[in-house]
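# Structure assessment
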Amino acid sequence: MPGRTVGGVESSEQVVEWSVVPSGIGPLLLVATRRGLVTVGFHARPAVRDATLGLLGTRLGAEPVEAPDSALLAEPVRQLAAYFAGELREFSLGLDWSLSSGFHREVLRELASGVPYGTVVEYGDLAARVGQPGAAQAVGAAMGSNPLPVVVPCHRVVESGGGLGGFGGGLETKRQLLALEGILPRPLF
């Protein structure tokens, strides 16, 4: 991975840039590295934002820098705005998967590539897709640890029998996302 040039010398230091953007479900914290989008955080009011950024600094090995005009964030901002406007059905972003590993990463990658806009999958079915039938609870844990919600659409994973299941952004946020995609009816008010 090429580094950035500082004083004519290429640098390999980690770069972590962030911004808070408005969305149809409230403010989102977007964080990117040179590899791609690394985090999408819900309800990004100051206390939540600061706590998330503190943890990310430790996990990524670099202090996150606020960069509202970041070139690293320009395309994620554009695509998320288009998604919430109902104009984008599939994200095509570079993603930095460094915050997930093992089974969780495998499940999240399958979710990102195999569960399209406007559809849902049950926890157990997603477990079977990655060769682990019977691992529905482990899939639930993977959804709960998803660092890239919305873009990696954990809101599309539901319980067998049609229950919504859990959601890190709260069930009302999950309902809003499923309504945006036409899976649930939009609320009347």
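The text that follows walks through the structure, step by step, so that each part is easy to find. (Residues numbered from 1 in each chain as written. Predicted model: local features only at pLDDT ≥ 70, side-chain atom pairs only at ≥ 80, totals over all residues. Heavy atoms only, no water.)

## Let's talk about the pairing of strand 4 (residues 28–33)
Put simply, the rule reads: For the exposure calls, accessible area comes from a 1.4 Å probe over protein chains only, and a residue counts as buried if that area is under 20% of its type's maximum, exposed if over 50%, partly exposed in between. Counting from the N terminus, the helices are DSSP H or I runs at least four residues long and the strands are E runs at least two residues long. When DSSP finds two or more bridges between two strands, those strands count as paired.
Among the 6 residues that make up strand 4, 6 are buried, leaving the element largely enclosed by the rest of the structure. Residues Leu28, Leu30 and Ala32 point to one face of strand 4 and Leu29, Val31 and Thr33 to the other, with burial holding for every one of them. Linking strand 3 (residues 17–21) to strand 4, which pair antiparallel, is a turn of 6 residues; within it glycine 26 sits at a positive phi near 105 degrees. What sits between strand 4 and strand 5 (residues 36–41) in their antiparallel hairpin is a turn of 2 residues.

## What to know about the packing of helix 3 (residues 102–114) against helix 5 (residues 136–144)
Keep this limit in mind: Each axis is a line fitted through C-alpha atoms, taken for helices only over the stretch in contact, and angles between the N-to-C directions span 0 to 180 degrees. In this scheme, roughly parallel covers angles under 35 degrees and roughly antiparallel covers those over 145, while 65 to 115 is roughly perpendicular and the rest are oblique. By definition, residues are in contact when any of their heavy atoms lie within 4.5 Å. The residue classification treats Ala, Val, Leu, Ile, Met, Phe, Trp, Tyr, Cys and Pro as nonpolar and Asp, Glu, Lys and Arg as charged. All others, Gly included, are polar.
Remark: helix 3 packs on helix 5, axes separated minimally by 9 Å, with the N-to-C direction vectors making an angle of 80 degrees. Our classification of the angle between helix 3 and helix 5 gives roughly perpendicular. Listed contacts from helix 5 to Phe103, His104, Val107, Leu108 and Leu111 of helix 3 are Ala138, Val139, Ala141, Ala142 and Met143. Grouping the amino acids of the contact of helix 3 with helix 5 by side-chain chemistry returns 9 nonpolar, 1 polar and no charged.

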